[in-house]
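Geometric and topological summary
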Amino acid sequence: MDKIIEPKVLKGFRDSLPEQEIRKKKMFKELEETFSSFGFVPIDTPVLEYTDVLLGKGGGETDKQVYSFKDNGERDVSMRFDLTVPLARFIAANKSDIIFPFKRYHISKVWRGENTQRGRYREFYQCDFDIVGSDSPAADIEILMMMKASLERLGIGGFKIYLSNRGILTRFLEINGIQDKSPEILRIIDKLAKIGKEKVKELLKELTDESKCDKILDFINPEGSFDKTLDKLITLCNGDNSETDRLKIIYKALKENGIEDYYILDPTITRGLDYYTGLVFETFLDGNRDLGSVLSGGRYNNLASLYTNEQLPGIGASIGLDRLIAAIEKSEDSKKAQAMCDCIIFNIDDDLIGALYKTAGEIRKKGISCEVYPENKKLNKQFAYAEKKNIPAGVIIGKDENESGTITVKDLIARKNYEKIKIDDGIEKIVSIVREVKVNGTT
């Protein structure tokens, strides 16, 4: 006998069971409806790209995490590590068919060979939304507002969006004569939350003298409010400039919409990737900071220039869906069972199988998912099956019901029976049971 293969999964990868997948698909639906309400449209790109195309401007540590290999045609290919660089390639390749400003969203898997931890895997979903072809403050504001709207649509509470502008830091470094070290300094500051202030200072001292290290640390230290932090940045940059003016416009719009408390100006936010040029942001959940940012991004006015001479400024955000799911699984809502189907028709007579499927078809016309149990087994086994799948409504059709044109409806949550009622009335009762469950949840 051949040796049985162990059904193991690679480190950083995982299977997704039905209940987990149901929750994930529901999140996708909620997000897609939110994006569409802002006028955004979906796209898709290949999992594999030519390595030289994908890594044209990845940046430092990210390049080391990319899954690269030679395909059967001896071509150097890589799996996408995010959805932003493929977007730049997509726009350059399809710009004659795109309406600008281009508002897109993309929900799909990406791959990175990084260290795994809670809510962080090597294969994971990202959800991106971007505006390409506009460098206006209005585009920045819309992305920031969509970030808030998306998290609220998912029922996520207790979050804050931390933002900054890399252009301000770049200007500050120029004033202090260390602009040539800008990429390294940005990446070091980006590690502040992980390694702490002292380690950051130690790394900065490898690039410049202690006096300038102290100036950098003072620059990135936020004050007590958005306005106070902005005033400090203006002072350290020798007065107002285009970047601080844009932050003023953004903050004014947020205040006019009564949502400014969700946004915190934090100069430590730099984002590690080289392609960001202006506004950058990260989102953290209260009490779950160890998960890292669940929604991040920024402005990347030069990214598309890798693939086209046409100037196509852009700004976008990316939701870390797996991190959000990890946070949701800790909440009380995650304890509510996920129904894998709305209704089940129990099988008690093989001669009536056609009638069972006919009734199932009528139920589905009302937008209710319905399955027929495929075998005529004891009812207690069929009930156990329905309970494991958290199905809220059941239907029994025996000879009496079939002859009288009725059905027996069972509320499997409240454990109530509605015996031998007309089919139309029975279907309405099923709709009512399912609606009640979807409003109040199951336990």
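Up top is the structure these notes are about.
A few points on the structure. All values reported here derive from a predicted model rather than from experimental measurement.

Describing the pattern of salt bridges
Considering all chains together, one arrives at 33 salt bridges under this definition. As a salt-bridge pair, Asp140 and Arg246 come within 2.8 Å of each other at their nearest N and O atoms. Placement of Asp140 in helix α5 (residues 137-153) and of Arg246 in helix α12 (residues 242-256) is noted, with a sequence separation of 106 residues between them. With relative accessibility at 0%, the residue Asp140 sits in the buried group. Using a relative accessible area of 16% as the deciding quantity, one classes Arg246 as buried.

Structural notes on helix α7 (residues 182-190)
Taken residue by residue, α7 has Ser182, Ile185, Leu186, Ile188 and Ile189 as its buried positions. The buried residues of α7 occupy one face: seen down the axis, they fall within an arc of 165°. Of the surrounding secondary structure, the elements contacted by the buried residues of α7 are α6 (166-175), α8 (192-195), α9 (197-205) and α10 (210-219).

Points about the sheet that holds strand β3 (residues 68-70)
Taking strand neighbours across the sheet as the criterion, the three strands line up as β2-β4-β3 in an open arrangement whose pairing is antiparallel. A single partner strand is all that each edge strand has here, and the edge strands are β2 (48-50) and β3. Within this sheet the neighbouring strands show an average axis-to-axis angle of 40°, counted without direction. The pairing of β2 with strand β4 (residues 76-79) spans three bridges and is classified as antiparallel.

Side note on the packing of aromatic side chains
The full count for this structure, using the stated rule, is 11 aromatic pairs. Their ring planes at 25° and their centres at 4.4 Å tell us that Phe172 and Phe219 sit as a pair that is stacked. Residue Phe172 is located in helix α6, and its partner Phe219 is located in helix α10; the two are separated by 47 residues in the primary sequence. When its relative accessible area of 3% is taken as the criterion, Phe172 is described as buried. Residue classification places Phe219 among the buried residues on the basis of a relative accessible area of 2%. Here the aromatic residues Phe35, Tyr105 and Phe129 are joined through ring pairs into a cluster of three or more. Between Lys148 and the ring centre of Tyr262, over which it is positioned, the NZ or CZ distance is 4.9 Å. One Lys or Arg, Lys429, reaches over the ring of Tyr418 and ends 4.5 Å from the middle of that ring.

A look at the sheet that holds strand β9 (residues 279-285)
In sheet architecture, strand pairing relies on hydrogen bonds along the backbone and comes in two forms, parallel and antiparallel. The sheet built from eight strands is open, its strands ordered β1-β5-β6-β11-β10-β9-β7-β8 with mixed pairing. Looking along the sheet, the strands with just one partner apiece sit at the ends: β1 (41-42) and β8 (263-265). Note: strand β7 (residues 159-165) against β8, three bridges, orientation parallel. Directly across from Tyr162, in β8, lies its bridge partner Ile264. Packing of helix α1 (residues 18-37) onto the sheet brings it into contact with β5 (102-111), β6 (123-132) and β11 (314-320), and relative to β6 it is tilted by some 0°.

What to know about the environment of Glu419
In this fold, Glu419 is placed in strand β16 (residues 416-422). With a relative accessible area of 56%, Glu419 lands in the exposed category. In this structure the C-alpha to C-alpha distance between Glu419 and Glu401, which are 18 residues apart in sequence, comes to 9.0 Å. Contact partners of Glu419, with chain neighbours within four places excluded, come to Ile407 and Thr408.

Conventions we followed
Residues numbered from 1 in each chain as written. Predicted model: local features only at pLDDT ≥ 70, side-chain atom pairs only at ≥ 80, totals over all residues. Heavy atoms only, no water. Salt bridge = Lys/Arg side-chain N within 4 Å of Asp/Glu carboxyl O. Helix = DSSP H or I, 4+ residues; strand = E, 2+ residues; numbered from the N terminus. Buried < 20%, exposed > 50% of the residue type's maximum accessible area, 1.4 Å probe, protein only. Arc of directions from axis to C-beta. Contact = heavy atoms within 4.5 Å. Pairing = 2+ DSSP bridges. Axes fitted to C-alpha atoms, helices over the stretch in contact; angles between N-to-C directions. Phe/Tyr/Trp six-rings, centres within 6.5 Å; stacked < 30°, edge-to-face > 60°. Lys NZ or Arg CZ within 6 Å of the ring centre and 35° of its normal.

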